[in-house]
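Coordinate analysis (summary)
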Amino acid sequence: ACAMGRRFGLVTISPAFIPWHEEQVRRHGLEARCAGVAAITADLPRFMAAFDDPAARAALRADILRQMAPLRARGADVLIPAGGLPMLLLADDAPLDVEGAALLEGIATVAKAAEMAVALRRLTGLGVSRGGLYAKASAGAIADFLGETKAAR
């Protein structure tokens, strides 16, 4: 989003996630570039219905776009559907212009960013920082995340 415009805004799937996204923005030092974080209220069943039912999709899409309007009014040039489900829901609409702001197509962006990181590693030999927020998780934490049992370790 920072490469696509001066300021960005995020729309997440629940008001419960607003503080988490705001903390991510702060931790990455992007407060001045963030126009804000807004939320719809949607649970997994509502998203699943939206993928099967055109009327449910239209209603959910309208909710997301409605939350983007105030972010645009606060100067967001790029709008981000925060999370895999909203990204997937809006992927078919790309490219999408929301009152003059670009909607980030998150699925393609994540895939291309991963490809770029691999290509840069091959070209330069450098990877990501492993300090601070980017410290690698411990072997135990990775095993727990992957669901491995202590007996299997």
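Whatever comes next refers back to the structure up there.
Everything quoted here is computed from the prediction, not taken from an experiment.

Cut-offs used in this document
- Residues numbered from 1 in each chain as written.
- Predicted model: local features only at pLDDT ≥ 70, side-chain atom pairs only at ≥ 80, totals over all residues.
- Heavy atoms only, no water.
- Disulfide = S-S within 2.5 Å.
- Buried < 20%, exposed > 50% of the residue type's maximum accessible area, 1.4 Å probe, protein only.
- Pairing = 2+ DSSP bridges.
- Helix = DSSP H or I, 4+ residues; strand = E, 2+ residues; numbered from the N terminus.
- Core = buried A, V, L, I, M, F, W, Y, C linked by side-chain atoms within 4.5 Å.
- Contact = heavy atoms within 4.5 Å.
- Axes fitted to C-alpha atoms, helices over the stretch in contact; angles between N-to-C directions.
- Parallel < 35°, antiparallel > 145°, perpendicular 65-115°, else oblique.
- Nonpolar A, V, L, I, M, F, W, Y, C, P; charged D, E, K, R; others polar.

**Side note on the state of the cysteines**
Summed over the entire model, instances satisfying the criterion amount to 0 disulfides. Distance from the sulfur of Cys-34, which forms no disulfide, to the nearest cysteine sulfur (Cys-2) is 9.3 Å. On the basis of relative accessibility, which here comes to 12%, the residue Cys-34 falls in the buried class.

**Here's the deal with the sheet that holds strand E1 (residues 8-12)**
Spatial strand order, E2-E1-E3-E5-E4: 5 strands in an open sheet with mixed pairing. Only two strands of the sheet have a single partner each, and these edge strands are strand E2 (34-39) and strand E4 (97-98). Where strand E3 (residues 78-81) lies against strand E5 (residues 101-103), 2 bridges are found, and the strand directions are parallel. Looking at E5, one finds that Val-78 is bridged to Ala-102.

**As for unusual backbone geometry**
Positive phi is not limited to glycine here, since Glu-99 has a value of about 50°. Taking the relative accessible area as the measure of exposure, Glu-99 reaches 55% and is therefore exposed.

**What to know about the nonpolar core**
Val-11, Ile-40, Leu-60, Ile-64, Met-68 and Leu-79 are the most contacted members of the largest nonpolar core, which has 20 residues in total. Element by element, the count of residues in this core is highest for helix H3 (residues 54-73), at 5 residues. Leave out the neighbours within four places in its chain, and Met-68 touches Val-11, Leu-79, Ile-80, Pro-81, Leu-90, Val-98 and Leu-103. Counting residues in each nonpolar core, the second largest holds 11 residues, with Phe-8, Leu-10, Ile-18 and Ala-82 among its members.

**Here's the deal with the packing of H3 against helix H4 (residues 84-91)**
Two quantities define a packed helix pair, namely the angle between the helix axes and the distance between the axes. Contact geometry for H3 and H4: axes closest at 11 Å, N-to-C directions at 110°. If you check the angle between H3 and H4, you find them roughly perpendicular. On H4, the residues touching Arg-57, Leu-60, Arg-61, Ile-64 and Met-68 of H3 are Pro-86, Leu-89 and Leu-90. For the contact of H3 with H4, the residue count by class is 6 nonpolar, no polar and 2 charged.

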